[in-house]
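Chain by chain, the residues:
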Amino acid sequence: MTPLVRTKNLKTYFPILQGIIRRPVGYVKAVDDISLDVQHGQWLGLVGESGCGKTTLGKTILRLIEPTSGHIYFDTPSEIFQQIESAENENNQETLETLYDTYDLATFSGGKLKVLRKDMQLVHQDPFSSLNPRMKIKDIVSEPMIVHNSTSGDERLKRAAELMNLVGLSEKNLSRYPHQFSGGQRQRIAIARALATTPKFIVFDEPTSALDVSVQAQILILLKELKQKFNLTYLYITHALTVAESVCDSIAVMYLGKIVEYGDPSVIFKEPMHPYTQALILSTPIPDPQQKRVRLVLPGEVPSPSNPPPGCRFHPRCSRATDVCATTEPPLKQRGQNRKVACWHPLV
Ligand SMILES: Nc1ncnc2c1ncn2[C@@H]1O[C@H](COP(=O)(O)OP(=O)(O)O)[C@@H](O)[C@H]1O
Ligand SMILES: [Mg+2]
């Protein structure tokens, strides 16, 4: 299957600057060697504790954050992937350079990036800060259309009205300002803005975590409808595992800059293979008070991504860790259909 989005060995390191001349004294390895595919029409959930690099990964894919190294492909034909793979195997630098220049988003800048922005959008976590309080809704929603010069003023207004209806808001709201709306409504407006350029791929960065549970559920229903209607592909970042389980069709679990487990939610939640995934599931509160809660608290702190532990990054907190875990990093290995795990001693 040819993915819509593919990252290959993607790394995003933030320099830690010190001294008067701001010299880098180290790096925060927020995204550290991630190779991940998002299939056409997939709703992929990206889960993990706060600070593990989810936002950085999402924004790097969209090229809102500069990658340090690695490759990002978007809507690339399968024959091009084959060409890239054989050129990589043959170490044919000349061919590779041409292919990367044409297809690897990590090499894009200026106009090429702008064209791409039309197809890839971001919806932020916080609907209170992501909308400019001084702009009317019609200007907020049509702003991406202006940036991409797609239509005339009248057409933009018509489209803005259409987008408002699509997200369940009346077009009468177009002349109002963000502060006149609730959190859920603002997130609908942010979704309308993201849809303005008819994107193919949307990254949602914890879009419902600032909202009440009932409002959250309505937004999720809306996202499902929009996805079907426009054949969209989602990367959905969340730390709420119950949300990921209920809406996503695949889950990637991230720990300290790495993907440690990947698979179908029904399988991952029932039989997590990575001890980190298991701990994450067991530490999630169960909403039903009748149900007995087996809470597992992960021992120790999340280590600093500027100085990640050697070997398996999870080993200092892992009850199954042995010598090999402290010295050698486990690769993300295929374990059954649509299942990948990076662990020397997986469960089950
Ligand atoms: N612009 C930045 N400069 C330096 N460090 C950053 C920057 N953005 C994020 N980080 C660091 O990168 C790590 C991952 O952050 P982030 O991607 O926001 O994680 P998450 O979204 O999973 O909470 C954290 O240690 C964070 O402090
Ligand atoms: Mg984040």
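Residues numbered from 1 in each chain as written. Chains lettered and ligands numbered in written order. Predicted model: local features only at pLDDT ≥ 70, side-chain atom pairs only at ≥ 80, totals over all residues. Heavy atoms only, no water.

Chemist: Outline the packing of helix 7 (residues 183–195) against helix 8 (residues 213–230), supporting the account with residue identities and numerical values.
Modeler: A pair of packed helices is captured by two measures, namely the crossing angle of their axes and the spacing between those axes. Running from N to C, helix 7 and helix 8 point in directions that differ by 20°, and their axes come no closer than 10 Å. Accordingly, the angle class assigned to the pair helix 7 and helix 8 is roughly parallel. Crossing geometry of helix 7 relative to helix 8 is assigned as right-handed. Side by side, helix 7 and helix 8 meet where Gly 184, Gln 187, Arg 188, Ile 191 and Leu 195 of the first sit next to Val 215, Gln 218, Ile 219, Leu 222, Leu 223 and Leu 226 of the second. Across the contact of helix 7 with helix 8, the residue classes break down as seven nonpolar, three polar and one charged. (Axes fitted to C-alpha atoms, helices over the stretch in contact; angles between N-to-C directions. Helix = DSSP H or I, 4+ residues; strand = E, 2+ residues; numbered from the N terminus. Parallel < 35°, antiparallel > 145°, perpendicular 65-115°, else oblique. Left-handed = near helix turned anticlockwise from the far one by under 90°. Contact = heavy atoms within 4.5 Å. Nonpolar A, V, L, I, M, F, W, Y, C, P; charged D, E, K, R; others polar.)

Chemist: Tell me about the pairing of strand 3 (residues 43–47), residues and numbers included.
Modeler: Across the five residues of strand 3, five count as buried, placing the element largely inside the fold. The two faces of strand 3 match: Trp 43, Gly 45 and Val 47 on one face and Leu 44 and Leu 46 on the other face are all buried. (Buried < 20%, exposed > 50% of the residue type's maximum accessible area, 1.4 Å probe, protein only.)

Chemist: Hey, could you go over the sheet that holds strand 2 (residues 23–39) for me, with residue numbers and the actual values?
Modeler: Across the sheet, three strands lie side by side as 2-1-4; this open sheet has antiparallel pairing. Every other strand in the sheet has two partners, leaving strand 2 and strand 4 (69–74) as the edge strands with one partner each. Averaged over neighbouring strand pairs, the angle between their axes works out to 25° when direction is ignored. When strand 1 (residues 3–18) meets strand 2, the two strands line up antiparallel, connected through 13 bridges. Paired with Pro 15 across the strands is Tyr 27, a residue of strand 2. Most of the contacts of helix 1 (residues 54–61) go to strand 1, to which it runs at about 120°, and overall it touches strand 1, strand 2 and strand 4. (Pairing = 2+ DSSP bridges.)

Chemist: I'd love a proper account of the state of the cysteines, names of residues and values included.
Modeler: What is meant by a disulfide is a covalent connection between two cysteines, made through their sulfur atoms. Tallying each qualifying case throughout the model produces zero disulfides. Looking at Cys 248, it has no disulfide partner, and the nearest cysteine sulfur is the one in Cys 52, 15 Å off. Residue Cys 325 stays outside any disulfide, its sulfur separated by 6.1 Å from that of Cys 312, the closest cysteine. The buried category is assigned to Cys 325, whose relative accessible area is 6%. (Disulfide = S-S within 2.5 Å.)

Chemist: Mind laying out the packing of helix 5 (residues 137–147) against helix 7, listing which residues take part and the relevant values?
Modeler: At a closest axis distance of 6 Å, the pairing of helix 5 and helix 7 adopts a crossing angle of 35°. Residues Ile 137, Ile 140, Val 141 and Pro 144 of helix 5 pack against Ile 189, Ala 192 and Arg 193 of helix 7. Residues of the contact of helix 5 with helix 7, tallied by class, amount to six nonpolar, no polar and one charged.

Chemist: Outline the side chain of Arg 156, listing residues and values.
Modeler: Positionally, Arg 156 belongs in helix 6 (residues 153–166). For the buried Arg 156, no salt bridge exists, and the shortest N-O distance to an oppositely charged side chain is 7.5 Å, to Asp 139. With residues up to four places along the chain from it excluded, the contact list for Arg 156 reads Ser 142, Met 145, Ile 146 and Thr 151. (Lys, Arg positive; Asp, Glu negative; His and termini not counted. Salt bridge = Lys/Arg side-chain N within 4 Å of Asp/Glu carboxyl O.)

Chemist: Lay out the site of ligand 1 with the relevant residues and their values.
Modeler: Around ligand 1, the neighbouring residues are Phe 14, Val 28, Ala 30, Glu 49, Ser 50, Gly 51, Cys 52, Gly 53, Lys 54, Thr 55, Thr 56 and Pro 305. Within the backbone of Gly 51, a nitrogen or oxygen atom sits 2.6 Å from an oxygen atom of ligand 1. In this structure, an oxygen atom belonging to ligand 1 sits 2.9 Å away from a main-chain N or O atom of Lys 54. Look at ligand 1: alone it shows 560 Å² of surface, and the protein chains cover 61% of it. Within the residue set of the shell around ligand 1, elements represented by two or more residues are strand 2 and helix 1. A class-by-class count of the residues in the shell around ligand 1 yields five nonpolar, five polar and two charged. (Near = heavy atom within 4 Å. Polar contact = N/O pair within 3.5 Å; in protein donor to acceptor, adjacent residues only side chain to side chain. Areas by Shrake-Rupley, 256 points an atom, 1.4 Å probe, with all protein chains shown as cover.)

Chemist: Describe the packing of aromatic side chains, and please don't skip the residues or the numbers.
Modeler: A complete count under the given rule lists nine aromatic pairs for this structure. Judged by centre distance (5.0 Å) and plane angle (85°), the ring pair of Trp 43 and Tyr 234 falls under edge-to-face. Placement of the pair is Trp 43 in strand 3 and Tyr 234 in strand 7 (residues 233–238), with a sequence separation of 191 residues. A single burial state applies to Trp 43 and to Tyr 234, both of which are buried. A centroid spacing of 5.7 Å and a plane angle of 55° characterise the contact between Trp 43 and Tyr 236, whose relative ring orientation is tilted. Of this pair, Trp 43 sits in strand 3 while Tyr 236 sits in strand 7; the two residues are 193 residues apart in sequence, bridging distant segments of the chain. There is no split in this pair, since Trp 43 and Tyr 236 are both buried. An aromatic cluster is present here, built from Trp 43, Phe 204, Tyr 234 and Tyr 236 joined pairwise through their rings. Over the ring of Phe 81 we find Arg 6; its NZ or CZ atom is 4.4 Å from the centre of that ring. Of note, Lys 340 hangs over the ring of Tyr 262, and the distance from its end group to the ring centre comes to 5.8 Å. (Phe/Tyr/Trp six-rings, centres within 6.5 Å; stacked < 30°, edge-to-face > 60°. Lys NZ or Arg CZ within 6 Å of the ring centre and 35° of its normal.)

Purely spatial values, then, with no claim about function.
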